[in-house]
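Summary of the model geometry
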Amino acid sequence: DTEVTQTPKHLVMGMTNKKSLKCEQHMGHRAMYWYKQKAKKPPELMFVYSYEKLSINESVPSRFSPECPNSSLLNLHLHALQPEDSALYLCASSQEASDYNEQFFGPGTRLTVL
Amino acid sequence: RKEVEQDPGPFNVPEGATVAFNCTYSNSASQSFFWYRQDCRKEPKLLMSVYSSGNEDGRFTAQLNRASQYISLLIRDSKLSDSATYLCVVPAEGITDSWGKLQFGAGTQVVVTP
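None of these values were measured; they are calculated from a predicted model.

A word on the overall build of chain A
Helix and strand counts for chain A stand at zero helices and eleven strands. In chain A, the order of α-helices and β-strands from amino to carboxyl end is β-β-β-β-β-β-β-β-β-β-β. Expected size for 114 residues packed as a compact globule is a radius of gyration near 13 Å; at 13 Å, chain A falls within 12% of this value. Viewed in the frame of its principal axes, chain A has a C-alpha envelope of about 40 × 25 × 20 Å. When burial is assessed residue by residue, chain A has 46% of its 114 residues classed as buried.

Topic: the nonpolar core
Of all hydrophobic cores here, the largest spans 23 residues; its most connected members are Phe-21, Trp-35, Ile-71 and Tyr-86 of chain B. Where this core is concerned, the elements lending two or more residues are strand E3 (19–25), strand E4 (33–38), strand E5 (44–50), strand E7 (60–65), strand E8 (70–75), strand E9 (84–91) and strand E11 (108–113) of chain B. Cys-23, Val-60, Leu-74 and Val-113 of chain A belong to the second largest nonpolar core, which has 22 residues in total.

So, the pairing of E8 of chain B
Residues and elements named next belong to chain B. The sheet contact formed by E3 and E8 spans six bridges and is antiparallel. The residue bridging Asn-22 from the neighbouring strand is Ser-72, located in E8. Relative to E8, E7 runs antiparallel, the two sharing six bridges. Across the sheet, residue Phe-60 finds its bridge partner in E8, namely Ile-75. Linking E7 to E8, which pair antiparallel, is a turn of four residues; within it Gln-69 sits at a positive phi near 55°.

What counts, and at which threshold
Residues numbered from 1 in each chain as written. Chains lettered and ligands numbered in written order. Predicted model: local features only at pLDDT ≥ 70, side-chain atom pairs only at ≥ 80, totals over all residues. Heavy atoms only, no water. Helix = DSSP H or I, 4+ residues; strand = E, 2+ residues; numbered from the N terminus. Rg over C-alpha atoms; globule rule 2.2 N^0.38 Å. Buried < 20%, exposed > 50% of the residue type's maximum accessible area, 1.4 Å probe, protein only. Core = buried A, V, L, I, M, F, W, Y, C linked by side-chain atoms within 4.5 Å. Pairing = 2+ DSSP bridges.

This is how it looks when you write it as structure tokens:
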């Protein structure tokens, strides 16, 4: 089973709201990722968690706050976002955070910031 | 030079025909390469992993040319359902702390026509 699930599918929020995106995998993977994808562009890496520890932060603004409560779950907390943050947010997982391991993506959360 | 470069296309392909396109990469140390397909407004789905000179899976063949630093994807007997954007993905250059960080090409759009 190569399934990564994400909720919600769609989210509309104002610039003063606080919301969270959730991601779950039950493949026993020890690496999880957040990506942001704008229309007609490739995914851009935001964060990497390896064994529940943040290993890569691609200089993401602090209004995005990741959290890895356990090995199966990954959250992305959103606060005071800007309209330019509207995008598809993708979660992915892989067996390990390694160059050799394929990453499997969830269906994404389509975020609109008003 | 961009880390991963792809011809954006679109490649318009009659149903049943063969199409091939390349991806050039700058990370000469990379030992793994991935092709993902992405349908409009969907998540990237892993199509093929390449760890040696190439890989074949049904109608899809990937070939790696390390000397010239490119990887190609060939689709035989194209189906309408093959219409998608194909993303070439290569691990980022760097040391251990870059593990898990992938570089995505901008994608090659393929349109299969009846």
